[in-house]
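Structural overview for review
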Amino acid sequence: MPSYRDFHRRSIEDPEAFWREEAKRIHWETPFDTVLDRSNPPFARWFVGGRTNLCHNAVDRHLADRPQQNALIYVSTETGIERRYTYTELHAEINRMAAAMRSLGVKRGDRVLIYLPMIPEAVFAMLACARLGAIHSVVFGGFAAPNLAARIDDAQPVLIVTADAGARGGKVIDYTPLVDEALARATHKPPHVLLIDRQLAPERLNASYLIDYEPLREQFFDAHVPCEWLESSEPSYVLYTSGTTGRPKGVQRDVGGYAVALAASMEYIFEGRPGDTMFTASDIGWVVGHSYIIYAPLLAGLTTVMYEGTPVRPDGGVWWRLVEQHRINLMFTAPTAIRVLKKQDPALLKQSDLSSLRTLFLAGEPLDEPTASWIGDALGKPVVDNYWQTETGWPMLAIQRGVEVLPPKLGSPGMPVYGYDLTLRNEDTGEPCAPGEKGVITLGYPLPPGCMATVWHDDARFVDTYWSSVPNQHVYSTFDWGVQDEGGYVTILGRTDDVINIAGHRLGTREIEEALSSHAAVAEVAVVGVTDALKGQVALAFVVLRDAGGYATDDARSKLEADLVKTVDRQLGAIARPARVHVVAMLPKTRSGKLLRRAIAALAEGRDPGDLPTIEDPVALQQVREALDTPRG
Ligand code: PRX
């Protein structure tokens with residue numbers, strides 16, 4: 001195993017040599033001429049001139065060595081359905097889907113929007129896009145119609161793939177009415193919507209644009225669709241993520257760099273070997289799902305387990321039984337799921353044989369020490385916190401399992417991963433921080449392969465948002481605060497912007513504010529994230545009403561609160577729902593009118609908001625304090 005420091009140093013001092021070697025992990029139909037094109041910073045193009053295909057590398061390439069190995073094991077505790085697909089069977093299903101998509105006009109470079117629950121067809125659809133050279137944009141199934149409409153208009157897909165329904169916690173969610181509403185709201189109207197009918201929805205919509213997949217699957221049962229050999233930097237997918245504004249950003253990823261980075265990460269970070277089984281409990285709508293349910297395990301010849309359901313249904317032992325039953329070696333989820341499991345009967349964990357499990361990986365939000373210690377002790381296996389973002393696509397900080405394994409430090413996701421020139425910088429000067437000094441986590445140019453190439457059709461936004469926020473430096477900002485100790489371990493201290501993290505789901509407070517502002521009763525609104533023992537953070541909303549007199553009674557207030565919460569559900573989805581909506585007469589602002597969100601969050605967490613010399617009217621803070629002290633009506 002390479003020494004941590006040498007390995008990291010080599011990757012930073014000579015990225016070309018380092019990644020030229022790693023690029024051998026994948027198949028190149030045409031070899032690349034140049035490892036890295038640095039001619040147009042901050043843009044970086046990896047493996048220029050090389051031609052490859054993600055689907056070929058994830059599936060076709062394994063047909064020779066592991067045709068009968070399971071590629072995908074699907075388990076739904078919502079429907080009771082379990083299915084297994086060998087690499088040969090997965091290959092056949094992807095070809096059917098690709099042929100069906102092609103028959104609906106999808107071709108190289110086209111966007112396909114995927115709005116699907118956790119079903120195997122989601123994997124087929126994503127890999128079918130990769131096969132055709134089409135660009136998939138997966139929208140999380142928990143998002144509501146207006147959200148979907150915004151993404152349709154931004155991505156301009158030629159096709160939407162959806163299902164009749166999703167299911168969560170025993171509740172069926174009809175998808176077709178949501179898609180219908182999104183299409184009515186969107187300016188861009190794709191001609192077709194391909195429908196996977198699970199026969200779950202009690203009343204599925206019938207619209208002329210809906211095309212059932214099943215007959216097409218039959219028609220193309222024996223189809224073989226060749227892989228499009230794409231230039232390494234052509235886009236593979238666009239995944240929208242929240243930022244400071246209400247308008248989500250389309251994170252665009254390349255083909256070759258992503259394939260190489262993920263394949264390398266399976267060995268060096270996850271220590272996943274061909275033939276291993278990996279269970280990533282996330283959703284295909286998030287980056288963890290893209291990278292570690294689908295692409296990375298398949299690229300590296302593993303078996304991936306895809307799960308539809310919650311960790312506590314039918315009981316809190318369900319995931320551990322999956323480990324035993326499928327001899328799972330690697331597990332990956334978010335700390336919130338572990339906090340949920342911690343509340344269950346500890347005996348449930350002891351009832352399953354967990355001897356196959358080597359490591360549990362956790363990411364997406366801070367891993368608190370009690371949760372880390374509890375699960376580490378209970379499993380008796382390493383628990384590996386890792387830190388990254390939708391933008392990077394794979395971990396930036398971790399204790400890497402396939403490089404010299406450094407001792408873990410509770411509360412820290414570890415040290416910078418190879419490829420990442422990670423530095424904490426002073427917010428005002430841009431200078432590197434001394435050990436122990438709080439700073440913004442930044443990355444130097446070039447970002448390693450696999451990271452975002454740009455913002456979809458908005459290069460200027462990529463440069464302005466990510467590369468222009470640290471004073472005096474041309475560096476990438478993660479918008480996370482952190483602190484690094486003498487030994488190099490980094491601890492994450494929360495976001496520098498208005499992004500919050502509810503149960504591992506990244507959301508913009510601005511998006512929630514915009515949803516609430518759309519309610520007729522609301523004049524002004526501030527949304528902040530506050531610490532929550534279970535979900536990590538929850539959103540709290542403070543609203544100023546247009547006509548406060550109209551809601552004077554407790555009854556009217558609680559009705560209004562319920563109505564406002566419903567508005568967020570309808571506009572964004574239940575995941576964005578504020579834990580409470582407080583009515584106040586005014587919001588704390590600076591004299592120039594900027595909302596003092598950090599001061600509000602401090603009060604809500606029982607902290608001192610500090611000195612606020614620029615506050616317009618200190619009474620507003622008192623108002624917030626009083627609202628927080630008012631019990632729920
Ligand atoms: O604030 C950091 C937090 O989640 C953000 C990225 O969220 P998302 O784009 O959804 O990507 C998740 C990929 C795992 C980061 O900017 N975050 C992510 N991982 C950690 C974390 N905060 C603390 N510890 C982590 N391990």
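Residues numbered from 1 in each chain as written. Predicted model: local features only at pLDDT ≥ 70, side-chain atom pairs only at ≥ 80, totals over all residues. Heavy atoms only, no water.

The name an unreviewed UniProt entry gives the chain is Propionate--CoA ligase, with Paraburkholderia megapolitana as the organism. Per its UniProt entry, the chain bears the Sequence similarities (unreviewed entry) comment "Belongs to the ATP-dependent AMP-binding enzyme family." (UniProt positions renumbered as here; feature names shortened; annotations may be inferred.)

Attention now moves to the sheet that holds strand β19 (residues 359-363). Ordered in space as β5-β4-β17-β16-β18-β19-β20-β21-β22, the nine strands form an open sheet in which the pairing is mixed. In this open sheet, the two strands that pair with only one neighbour each are β5 (82-86) and β22 (415-416). As paired elements, β19 and strand β20 (residues 383-387) share four bridges and run parallel to each other. In the sheet register, Ala-363 faces β20, and the bridge partner there is Asn-386. Relative to β19, helix α12 (residues 335-342) is tilted by about 115 degrees, and along the sheet it contacts β18 (330-333) and β19. (Pairing = 2+ DSSP bridges. Helix = DSSP H or I, 4+ residues; strand = E, 2+ residues; numbered from the N terminus. Contact = heavy atoms within 4.5 Å. Axes fitted to C-alpha atoms, helices over the stretch in contact; angles between N-to-C directions.)

Attention shifts here to helix α19 (residues 619-629). Within α19 the residues assigned to the buried category are Ala-620, Leu-621, Val-624 and Ala-627. What you see down the axis of α19 is that its buried residues fit within an arc of 120 degrees, all on one side. On its buried side, α19 packs onto β31 (536-545), β32 (580-583) and α18 (597-604). (Buried < 20%, exposed > 50% of the residue type's maximum accessible area, 1.4 Å probe, protein only. Arc of directions from axis to C-beta.)

In this section: the UniProt feature "domain: Acetyl-coenzyme A synthetase N-terminal" (unreviewed entry) in the chain. When the UniProt feature table is mapped onto this chain numbering, "domain: Acetyl-coenzyme A synthetase N-terminal" (unreviewed entry) sits at residues 4-58. Across residues 4-58 one finds 42% helix and 18% strand; the C-alpha atoms that close the span lie 28 Å apart.

This next bit is on the sheet that holds strand β26 (residues 476-484). The antiparallel open sheet is built from four strands, whose spatial order is β23-β24-β26-β27. Two strands bound the open sheet, and with one partner strand each, they are β23 (422-425) and β27 (490-495). This sheet shows a mean twist of 45 degrees between the axes of neighbouring strands, independent of strand direction. Direction of pairing for β26 relative to β27: antiparallel, over a ladder of four bridges. Within β27, the residue paired with Asp-480 across the bridge is Arg-495.

Time to look at the pattern of salt bridges. Taken as a whole and assessed by the stated rule, the structure comprises 37 salt bridges. Note that Arg-96 is salt-bridged to Glu-93, the shortest N-O span being 3.2 Å. Linking Arg-96 with Glu-93, this pair stays in helix α4 (residues 87-103), spanning three residues, or about one helical turn. As far as burial versus exposure is concerned, Arg-96 and Glu-93 are alike and both buried. We note a salt bridge from Glu-214 to Arg-217, for which the minimum N-O separation is 3.8 Å. Of the two residues, Glu-214 and Arg-217 are both situated in helix α8 (residues 213-219); the distance of three residues between them amounts to about one turn of the helix. (Salt bridge = Lys/Arg side-chain N within 4 Å of Asp/Glu carboxyl O.)

In this section: the site of the ligand. Close to the ligand lie 17 residues; Asp-385, Thr-390, Asp-480, Arg-495 and Arg-506 are nearest. The side chain of Asp-480 places a nitrogen or oxygen atom 2.5 Å from an oxygen atom of the ligand. Contact with the protein chains removes 95% of the 540 Å² of surface that the ligand exposes when unbound. Broken down by secondary-structure element, the contributors of at least two residues to the shell around the ligand are α10 (287-299), β20 and β27. Per-class residue counts for the shell around the ligand are seven nonpolar, five polar and five charged. (Near = heavy atom within 4 Å. Polar contact = N/O pair within 3.5 Å; in protein donor to acceptor, adjacent residues only side chain to side chain. Areas by Shrake-Rupley, 256 points an atom, 1.4 Å probe, with all protein chains shown as cover. Nonpolar A, V, L, I, M, F, W, Y, C, P; charged D, E, K, R; others polar.)

Turning our attention to the pairing of strand β24 (residues 439-443). For β24, a buried count of five out of five residues is recorded, marking the element as mostly surrounded by other parts of the structure. Bridging between β23 and β24 involves four bridges; their strand directions are antiparallel. Along β24, the bridge assignment pairs Arg-425 with Val-440. Pairing analysis gives four bridges linking β24 to β26, with the strands arranged antiparallel. The partner of Val-440 across the bridge, within β26, is Trp-481.

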